[in-house]
Structures are given as structure tokens and as C-alpha cells.
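So you can see what is in the structure, the chains are spelled out below.
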Amino acid sequence: MAVDENQFMYNGFEGAHIQLDGGAKIHSNGLLQLTNSSQHQIGHAFYQLPVRFHTSSSTLNQDLSFSTHFVFAIVPKITNMSCCGMAFAITPSTDFTHAIGNQYFGLLNITNNGLPSNHLLAIELDTIPNPEFNDTDDNHVGIDINSLISNVSATVTYYSNTEQLNRSLLLISGSPMHVWIEYDGFENVLNVTIAPIMSPKPDVSLLSTHINLSSILLDSMYVGFSASTALSTGNYYILGWSFNKSGKAQGLEISKLPSLPHRRKPGLGITELSRTGKATTSTDVFSFGAFLLEVACGRRPIQPQQSPDEVVLVDWVFEKWKEGAILETSDPRLGGDYLEEMELVLKLGLLCSNSDAATRPSMWQVMQYLDGDVLLPEIIHDITSIGTTGLGNEASSEFVTSFPSSIVKYSAPSISSTESILTCGR
């Protein structure tokens, strides 16, 4: 945690200089939560000290320059159901007594929306299309000046530096995401960039607009976050936050960010899986791996009509992975979308499908990988015990991952139950 008058960085908010109100709270692990799943709720979290922009004494607009970077997550109460939205805001006061929730994000109300006296800059992450604000859709980022009618907005996508193209991103996916907001006071340019938590900062911004903030920002302003719920609800989280008034905001350390709370206990997922009649936690993980590959590839685990090297799905994906072409196994009906997510699912399917039960991840780890809380470990290329090729073999020492030896060890599944999973599919 680094803090001074004009710059600070929080990799988690335990002991942070943050002023909270409404539904906002800080969890014991340092996770900042703006709202819970209650209806018609507002939550604010602002840095306690005002930031000095020195607009009255400035002769050059570069004095207004600032940079901020944060990681957030929106977890709807009902999967994929919109739940209003949240915003990063720069405002002259932290008194939001007259602000309302719903589409106003807890920042303004119907009578003061649009007034120049608001001196408000907000970057909204909006999940509901409000026609009165000319919203483009239910998944957009907008730059708001004194009003919830955005000066400019865009459907949420991020630029993949490796693929050199835009990829879609869903705000209410429940997954953590980066946001970078940078204002160049000399060029009068405001940039907003977004990306999944495991992706580097994209080379291309989602939004870039020319705007002079000298009449918007006062000498003393507060920076922070606001969120609200309506009839549809959700949890808004900030995992980490960095701000710099006079330069580039420091990068957050992803490994130090707090984890999101899991909405289901791991045991529940193990119970959606233990239906083979001879199930253990070991066979559950194996069957879940087979299920992941089946869904990702769009085919059954065993298809005799395929060419010999493609009959067994697990073996085929494994061989393609060794060739460096694992994405060639993905379901062609997806049209090449969601490549990063697809690669994660395919590799995780292989990890779960190892015939050595002791080297499979636990279901708790599986959830952490899928949520993006933990990086998926690399797999050594000389695996010899995967899928059906290793059925009945003793534990393979060649299957080496970064899992510590203290992780739960499983009893090996019976060949009959494993063959049943592979033959019948899900």
C-alpha cells in the first residue's frame, strides 16, 4: 500500500484511507464491496483526502492531467441479468444525500442531472439501457460530464495485442476486469481502456475523446466509486486501485489482489458431477474435465466415426496441445470467438483428465482458475498419462504442474467408472 496526497495504490483495501457510505464495506481480506444484492441500494467509496488540481492557479492545462487504474467485478444476483451499474467519479463533494440510485448510480438525481454546477466527471460501467440517457445497449462504458447522458460511449470490448483485434467483454460476467483512465491536460484527451484481469493493458483504448476539463474540475476534488441497484441486483467489487495526479498510475500486483467470494460452496459442484454410481472426488474432477472438453469442442468424448487420431476426445486435444494448436479443437460453431476463454477451458480440461488422480486440481482450484483468481499452471510437454492412454497405469511422474504436494490427494478412479464417463458422455 502506497499513499500520499496526490497518489496512492491499494492492492486490496485493508487499512485503506477510504470513506464508505450506504452499502459499501471492506471485507476482512481487503476486498472493497460497493453494494450487496439488496434492491434499490447505493454504495460509495471515496479516497478520504481531496485531490488538489490547482485549476485556479494553473497557467497550463497539463496541471489537470491524472491517471488511474483499478480492477473491478460485477456479480449479478441472477446470472447474466443486468443490475444497473457503477462508476468511477471525480466530484467536488462526498455528500450524496440528495443522490438517488437506479440509473443515476447514486451520483445525481432527476432535478440536478445535467447542471454545470455539478462539476462531475464520471466513467460509467453501465449494464442497463436507459432510453432517457440515450444509452447504446446494456453493456457499455460511457464518459459523463455533469450528466448521466454520456458525452461518448461504446459497447464493451478490449483490444487483444497478440491477435490485433477487438474481443467482446461482458460487464456482468462476474469476472474481474482492468480499467485504465488517463487524462492528458496538455492535449485535452481522455482515454478509457478495459481488459480482462489476466490480459495486459491493450494498445488501443476503448474510448478516446477530446475534452477540456478546466471548467469541470475545481481546485479540490474527491475521487472514488459509486454504484447502485434497482429491482435487479448484484454485487459490485473493487479489488485494487491506483491513482496518480501527476503521472502514470502504478500498476497493480494481480497476485496480491483479494479474491472474490464464491457464490456456491465447492461441494455443490462436486455433488452436479457425482452421478456415475461409483463416484469419488477423484472421478468427479475427471468427469468435469471430460465435460469441459465436450462443451468446448462441441462433440462427445468418444466418437468412433472420427479419424483414428480423433476418436478419443481427450487424446485428440492433448495431441493438438503438444503441437501448439490446441485451439483447433474448439467448437467451430463459435466462429473463433472467446479464444482466451477457450484456451483456458481446454487446458483445464486436460489437467482434470489426467489419469493420475493425485495430480488433478481440486474442485476449489478449478473454480479459482475459471474465475481468474489464480493463473493456470503450465503443463510439461512429456505427459504420458492423460485420458484413456493412461487408464490403469500407476501415477505418472512426468505429469508435473505447480500444484504443491500438500494439495488434497485423491484415490484413483476405477477403470469402469472412468470408461463409463468417456463412453456415455455427459
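To be clear, the structure that these remarks concern was listed above.
A brief structural summary. (Residues numbered from 1 in each chain as written. Predicted model: local features only at pLDDT ≥ 70, side-chain atom pairs only at ≥ 80, totals over all residues. Heavy atoms only, no water.)

Quick look at the environment of Met9 now. Considering the arrangement of structural elements, one finds Met9 in strand E2 (residues 7-10). The exposure class assigned to Met9 is buried, which follows from its relative accessible area of 8%. (Helix = DSSP H or I, 4+ residues; strand = E, 2+ residues; numbered from the N terminus. Buried < 20%, exposed > 50% of the residue type's maximum accessible area, 1.4 Å probe, protein only.)

Once that is clear, we can look at the side chain of Asn191. Mapping Asn191 onto the fold places it in strand E16 (residues 189-196). A distance of 2.5 Å separates the side chain of Asn191 from the side chain of Ser208, its partner in a polar contact. Contact partners of Asn191, with chain neighbours within four places excluded, come to Trp180, Ile181, Glu182, Ser205, Leu207 and Ser208. (Polar contact = N/O pair within 3.5 Å; in protein donor to acceptor, adjacent residues only side chain to side chain. Contact = heavy atoms within 4.5 Å.)

It is worth spelling out the pattern of salt bridges at this point. A complete count under the given rule lists seven salt bridges for this structure. Glu319 is the salt-bridge partner of Lys322, the closest N and O atoms lying 3.4 Å from each other. On the criterion of helical spacing, the pair formed by Lys322 and Glu319 is a turn pair, its members being three residues apart in helix H3 (residues 313-322). On the basis of relative accessibility, which here comes to 33%, the residue Lys322 falls in the partly exposed class. Judged by relative accessible area, Glu319 falls into the partly exposed class, the value being 36%. The partner of Glu343 in a salt bridge is Lys347, and the shortest N-O contact between them spans 2.9 Å. Placement of both Glu343 and Lys347 in helix H4 (residues 339-352) is noted, with a separation of four residues, approximately one turn of the helix. On the accessibility criterion, Lys347 (18% relative accessible area) is buried. Here the salt bridges do not stand alone but share partners, grouping Lys320, Glu323 and Glu328 into one network. (Salt bridge = Lys/Arg side-chain N within 4 Å of Asp/Glu carboxyl O.)

Pairs of aromatic rings are described using the distance from one ring centre to the other and the angle between the two planes. Per the stated rule, a full pass over the model turns up 18 aromatic pairs. Look at Phe8 and Trp241: their rings are 4.8 Å apart centre to centre, the planes differ by 80 degrees, and that puts the pair in the edge-to-face class. Linking Phe8 in strand E2 with Trp241 in strand E19 (residues 234-244), this pair joins segments that are 233 residues apart in sequence. Residues Phe53 and Phe66 carry aromatic rings whose centres are separated by 6.3 Å and whose planes lie at 85 degrees to one another, so their mutual orientation is edge-to-face. Taken together, the positions of Phe53 in the loop between strand E7 (51-52) and strand E8 (66-76) and Phe66 in strand E8 put the pair 13 residues apart, joining distant regions of the chain. Neither residue differs from the other here; Phe53 and Phe66 are each classed as buried. (Phe/Tyr/Trp six-rings, centres within 6.5 Å; stacked < 30°, edge-to-face > 60°.)

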